[in-house]
Amino acid sequence: MAAVQWHSRVRNYDAELQRCRPEAAPLEFGDYHPLKPIMVTDTKTRRGARKGSTSSSSSSSSSVQADPLSSMLDGTDPLSMFAAASFSEAPAMSHSASTGDLGRKKREKEEEVMGADFEPWSLKRGEILARFTTTEKLSINLFMGSDKGKAQSPGSGVSEKVRTRLEELDDLEEGSQRELLNLSQQEYANRIEELNQSLKEAWASDQKVKALKIVIQCSKLLSDTSVIQFYPSKFVLITDILDTFGGLVYDRIWTMCSDPRPLPDTFTLEDVNDTAKETCLNWFYKIASIRELLPRLYVEAAILKCNRFLNKTGIQVTLPRLTAMIRGIGDPLVAAYTRAYLCRIGMEVAPHLKDSLNHNFFDLLDTFRQISDESIQSQLALQRVEIPEYLTLYSPAINWILQCIAYKAPEPLLTEMMERCKKLGNNALLLNSVMRAFRAEFVAARATDFIGMIKDCDEAGFPKHLLFGSLGRSLACADPPESERLMILNEAWKVVTKVRNPQDYINCAEIWVEFTCRHFTKREVNTVLADIIKHMTPDRAFEEAYPQLQSVIRKILTYFHNFSVLFSMERFLPFLDMFQKDSVRVEVCRSIMEVFIKHQVEPTRDPVILNAMLHICKAMHDSVNALTLDDEKRSLAHLIIGFIRMVSFGRDFEQQLSFCVEARATFCNLEPVLMQLIQTVNQLAMETNRVMRGSHSRKTAAFVRACAAYSFITIPSLSSIFSRLGLYLLSGQVALANQCLSQADAFLKAAVSILPEVPRSISVEGKLRSSESFLLDFINNFLSTLLVVPDHPEHGVLYLVRGLLNMVQDYTWEENSDAKVRVYISALPLLAAMSQETYLYSIPKVDSNETLYGGDPKFLSEINKLCETLIGQILDHLKVLGRDENTRRQGALAFSLFGILLAHGDLRNNKLSQLAVNLWNLSHKHGYCDTRVSVRTLEYIKHQAQQPDTSHLTDVVHRLALQSRT
């Protein structure tokens, strides 16, 4: 294929635009409209219908016009079909489910009788285990009996099985002892868990007596207070086993009642068969034969729910009896936790029976006198436990009992509890639990009364700052009377500020910060912050209290969204300086930035806010090092960018630019921030152009040149090659829009000069990908910009276009790649557009080459020569592809070049016309061209041939034929 002379088609863009506009067609209101209601058919499957048969239960239509989407589904809504299918499968699933699973689900459902506002035991469990720990060695004493608890063979007689089980029960008291000594806390917990698993395994293998042995022996462990600090955690671990046992027994009896049909949700005694009743009664007889009081109490409480299978009032009668039995336990701590367990079970099975809860609590108050007994005091002295520490061991039990009592309790009950606290000596522990248990609204209304009672408490028994902490938690959730708020804060802070231990101090101060922020101004909050700094700075105590200090910051940010007010507090930034651990400081700064971005609606220029936020952002930026993860860098950069976007100095553009200069120096290690700053400065230049309406004064012209200089200096510091290319091009376009021709020229030349640095592969979301597609996109965008860029008077005609094409020629493309040729093909429309008398688009007040050259024949000759060179390169590449038998790639490129010739070449020239026909035939020679595209292309050419200025295409159409591979 020989090279041909290029002739660009003369374009009349306005006329072409008019022809492309669709003709207006009158709308007839009777026609179908897409917003009209469509027909929806609801299909339901009747229960019990034959497989495959359905019946329509409802069908409604507001329009007789059929919906094209519904017609594909024969008028059946697919969601209705799925619903019908699932409805028809539900009965089968219910029959296939095992009765054991149903029993378990039934039990779980009944355990959820309390409302969402009742904190369940499961949430308190983890807190207790984490709080009550010990480094002392623990022991486990088990009397498991001889190994006679094996499952009986199927052929054993009934009398033999009964005799064997009676022997096993007797063996509970006479068996061998197993003792595990010198266990750590974790080893102890693991042993208890092993016993829990042994219980389940014994039950599964039908060794019910062995399971009962395990439960009894574990219950006996709760009488051991040799390591008293660990007792609350031991209680949690052991009661897990009791809960497991109670659930297994209940499930077994419930399953016996579910044959042949499941037991209803609200079953009655008539629904329970005799076998289930006998089995249930047998379990209670076995438990009644336990000789020791404590295991008998715990195990009977564990299966308390099973009374539902025996009689209607079984639970109502049993709860008072068990409550009275607890009075026989001598150790007040053991008795307190036994009552807590009974109250927990009572709330699960009969939450309406409040009398037993009250009796348990009043009995607990009576046992407080035992704390001063000589036996308790000697035990505490032996274990070196002080009275305040000993009293805290009661708090989980008392808190739980009071929570059960206070749940949905009337307000007068709180008054009664307060009166009992006043009458009881050493009442600080009880008072603390009362404030935590009752509704915050009740406590807040009586805040001054509680403060008076706290003052009267004995400091030695229970620290007052803990009592004020509990009061503060209630006041953080509910508001006291407005007239009392300042007095409450003063009285509380008098006690808090006298706490010498930094950890105790910050634990209490953190609670009262929320009350202060909720009801007072920045002056009071600033005073509180100053006091915290005063207490936490000596000996660097703040290093051990970062979680509490972070909580203080979060609470302040919750109530102070006006950052001008927040940063005007004198002690706020010094408070932030206490966060000297890098990870914690960054986390705090991050939380501040998130709140700022969320609540700062209007852009700001407040110097107080800007200086403080720059300080915070700098702290985040300075935490970045070589080991920082990319995700962390992106997250920090996103927050800093959010701050930069909220800074606006209005019409003071020079101040805005100065801020960007300072920010560039501050955030030089975060590339996304630098990119945002460049974008901000470009936007600033365009805003200046808008204000001046495109006519710059001497001052504004100098300013936009300064903006261009800022971008030109900053872009090279970016490591991402495509970020640099994109910003060079964008900044060049901005400079051009502001008539800064030399600056625009510098940007575009810089972009061309770094093209050789583009790697052949880049990392995208952690995966290596070829860079060719990204590079081609950039070059196409660059070419579209060059149309309006005037030539430099010292560099010759089309020097930027030639420079770009030379770089493309020298670039090392991938092997077997057509990218270079595709760039050549993309350059042809640009050159054709440059040869027009009037350009497709232009920039106001910028003289493009159309004005500079004015259709000069020499200029057009240079364009045609360049086009001929490019076409020659393209045709040579097509020949190479033909020799290498790359026919698919050859056909695609040939069709692309054909499209360019059709759109931009003057096909009245015989050689160009013949070249176009040859390219068409080449692209269809091997049948790889998309037939539908070819057909549409031919239709377009026929349509264009009917236009007066392109009638010469008629001859071309007759010479084009569709071919296919045979």
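Owing to the predicted nature of the structure, the values given are computational and were not obtained by experimental measurement.

Focus on the overall build of the chain
- Across its full length, the chain holds 45 helices and 6 strands.
- Residue pairs in contact within the chain that sit at least 24 positions apart in sequence constitute 74% of those at least 6 positions apart.
- Only carbon and sulfur atoms are counted for the fraction: they give 51% of the accessible area of the chain, which is about 48900 Å².

Looking at the packing of aromatic side chains
- Applying the stated criterion to the full structure yields 37 aromatic pairs.
- Ring geometry for Phe895 against Phe898: centres 6.1 Å apart, planes inclined by 35°, an arrangement best described as tilted. Linking Phe895 with Phe898, this pair stays in helix α42 (residues 887-904), spanning 3 residues, or about one helical turn. Summarising the burial analysis for this pair, Phe895 and Phe898 share the class buried.
- Ring-pair connections join several aromatic residues into one group, and the members of that group are Phe118, Trp121, Tyr231, Phe235, Tyr298, Tyr337, Tyr341, Trp400 and Tyr407.
- Across from the ring centre of Trp283, 4.4 Å away, lies the NZ or CZ of Lys286, which sits over that ring.

Examining the pairing of strand β5 (residues 761-764)
- As defined by bridge partners, β5 adjoins strand β6 (residues 767-770) across 4 bridges and the pair is classed as antiparallel. The residue of β6 that forms the bridge with Val764 is Lys767.

As for helix α35 (residues 721-737)
- With 17 residues, α35 extends 24 Å between its outermost C-alpha atoms, agreeing within 8% with the 24 Å of an ideal straight helix rising 1.5 Å per residue.
- Where burial is concerned, most of α35 is hidden: 14 out of the 17 residues are buried.
- Two residues or fewer past α35, Gln739 is found with a positive phi of approximately 60°.

Considering the packing of helix α19 (residues 428-437) against helix α22 (residues 464-477)
- Where α19 contacts α22, the two axes come as close as 9 Å, and the packing angle between them is 10°. Viewed along their axes, α19 and α22 adopt a mutual orientation that is roughly parallel. Handedness of the α19/α22 crossing: left-handed. On the side of α19, the interface is formed by Ala428, Asn432, Met435 and Arg436, while α22 contributes Leu466, Leu467, Ser470, Leu471, Arg473 and Ser474.
- Of the residues belonging to the contact of α19 with α22, the class tally is 5 nonpolar, 3 polar and 2 charged.

Some points on the nonpolar core
- Of all hydrophobic cores here, the largest spans 310 residues; its most connected members are Phe309, Trp512, Ile532 and Phe643.
- The element that contributes the greatest number of residues to this core is helix α9 (residues 231-257), accounting for 13 residues.
- Sequence-distant contacts of Phe309, that is, excluding residues within four places in its chain, are made with Tyr250, Ile253, Trp254, Cys257, Leu263, Phe267, Leu269, Val272, Lys277 and Cys280.

Regarding the confidence of the model for the chain
- Scored by pLDDT, the chain has a mean of 84; 85% of the residues are at 70 or more.
- Counted against residues more than four places away or in other chains, residues 69-75, with its pLDDT under 50, gives 5 contacts.

A closer look at the environment of Val317
- Structurally, Val317 can be placed in helix α12 (residues 314-325).
- Classification of Val317 as exposed rests on a relative accessible area of 54%.
- Measuring from C-alpha to C-alpha, the distance between Val317 and Asn307 comes to 9.8 Å, with 10 residues separating the pair along the chain.

Some thoughts on the pattern of salt bridges
- Under the criterion given, the structure shown has 33 salt bridges.
- Among the ionic pairs, Glu411 bridges to Arg446, the shortest N-O distance being 2.7 Å. In this pair, Glu411 sits in helix α18 (residues 411-423) while Arg446 sits in the loop between α20 (440-445) and α21 (447-456), placing the two residues 35 residues apart along the sequence.
- You can call Glu411 partly exposed: its relative accessible area is 30%.
- The class for Arg446 is buried, based on a relative accessible area of 15%.
- A salt bridge links Arg634 to Asp631; the shortest N-O distance between them is 2.2 Å. Here Arg634 and its partner Asp631 are both found in helix α31 (residues 630-645), 3 residues apart, which amounts to about one turn of the helix.
- Each of Arg9, Arg11 and Glu16 takes part in salt bridges that share partners, so that together they form one network.

Remarks on the side chain of Asn432
- Here Asn432 lies in helix α19.
- Residue class for Asn432 comes out buried when judged on its relative accessible area of 5%.
- A polar side-chain atom of Asn432 sits 2.3 Å from a polar atom in the side chain of Ser470.
- Asn432 has contacts with Phe462, Leu466, Leu467 and Ser470, leaving out every residue within four places of it along the chain.

Here we look at the packing of helix α14 (residues 354-367) against α18
- Between α14 and α18, the shortest axis-to-axis distance is 12 Å and the interhelical angle comes to 15°. Considered as vectors, α14 and α18 are oriented roughly parallel to each other. For α14 against α18, the interelement crossing comes out right-handed. Contacts between α14 and α18 involve Phe361, Phe362 and Leu365 from the first element and Glu416, Met417 and Arg420 from the second.
- Across the contact of α14 with α18, the residue classes tally to 4 nonpolar, no polar and 2 charged.

Structural notes on α19
- By the criterion of burial, α19 is predominantly enclosed, with 9 of the 10 residues buried.
- Of all the residues in α19, the buried ones are Ala428, Leu429, Leu430, Leu431, Asn432, Ser433, Val434, Met435 and Ala437.

Quick notes on unusual backbone geometry
- Although it is not a glycine, Leu798 adopts a positive phi angle of roughly 55°.
- Looking at the secondary structure, you find Leu798 in the loop between α37 (772-786) and α38 (799-810).
- Its identity is not glycine, yet Lys845 carries a phi of approximately 65°, on the positive side.
- In this fold, Lys845 is placed in the loop between α39 (819-834) and α40 (849-853).

Looking at the environment of Pro844
- Tracing the backbone through its elements, the reader meets Pro844 in the loop between α39 and α40.
- Residues Pro844 and Ser695 lie 149 residues apart in sequence; the distance between their C-alpha atoms is 9.7 Å.

Quick notes on the rules
Within any chain, residue numbers begin from 1 and follow the written order of that chain's sequence. Local features are withheld for residues below a pLDDT of 70 in this predicted model, meaning they are given only at 70 or higher, and side-chain atom pairs are given and counted only at 80 or more; totals for whole chains, interfaces and linings count all residues. The side-chain figures draw on all heavy atoms in the structure; neither hydrogens nor water molecules are used. In DSSP terms, a helix is any run of H or I states spanning at least four residues, a strand is any run of E spanning at least two, and both are numbered starting from the N terminus. By definition in these notes, contact holds between two residues if any of their heavy atoms fall within 4.5 Å. Here the open area of atoms and residues is found with the Shrake-Rupley method and a 1.4 Å probe, where only the protein chains shown may cover a residue. The criterion for an aromatic pair is that two Phe, Tyr or Trp rings (for Trp, the six-membered ring) have centres within 6.5 Å, with stacked assigned to planes under 30 degrees apart, edge-to-face to planes over 60 apart and tilted to the rest. The buried label goes to any residue with under 20% of its type's maximum accessible area, the exposed label to any with over 50%, and the partly exposed label to all in between, with areas taken from a 1.4 Å probe on protein chains only. Criterion for a charge above a ring: Arg CZ or Lys NZ at most 6 Å from the ring centre, at most 35 degrees from the ring normal. The criterion for strand pairing is that DSSP finds at least two bridges linking the strands in question. One less than the residue count of a helix, multiplied by 1.5 Å, gives the span that helix is expected to have. The axes used here are C-alpha line fits, helices contributing only the stretch in contact, and every angle between their N-to-C directions lies in the interval 0 to 180 degrees. Any angle from 65 to 115 degrees is called roughly perpendicular, while one under 35 is roughly parallel, one over 145 is roughly antiparallel, and all others are oblique. Here a crossing is taken to be left-handed if its near helix is turned anticlockwise relative to the far helix by less than a right angle, and right-handed if that turn runs clockwise. Amino acids outside the nonpolar list (Ala, Val, Leu, Ile, Met, Phe, Trp, Tyr, Cys, Pro) and the charged list (Asp, Glu, Lys, Arg) are all regarded as polar, and Gly is one of them. What we call a nonpolar core is a set of buried Ala, Val, Leu, Ile, Met, Phe, Trp, Tyr and Cys residues that are connected through their side-chain atoms within 4.5 Å. pLDDT expresses, on a scale from 0 to 100, how confident the predictor is about each individual residue. Here, a salt bridge means any Lys or Arg side-chain nitrogen found within 4 Å of an Asp or Glu carboxyl oxygen. Under this definition, polar contacts are N or O atom pairs within 3.5 Å; protein pairs additionally need one hydrogen-donor-capable and one acceptor-capable atom, and for neighbouring residues in sequence, both atoms have to be side-chain atoms.

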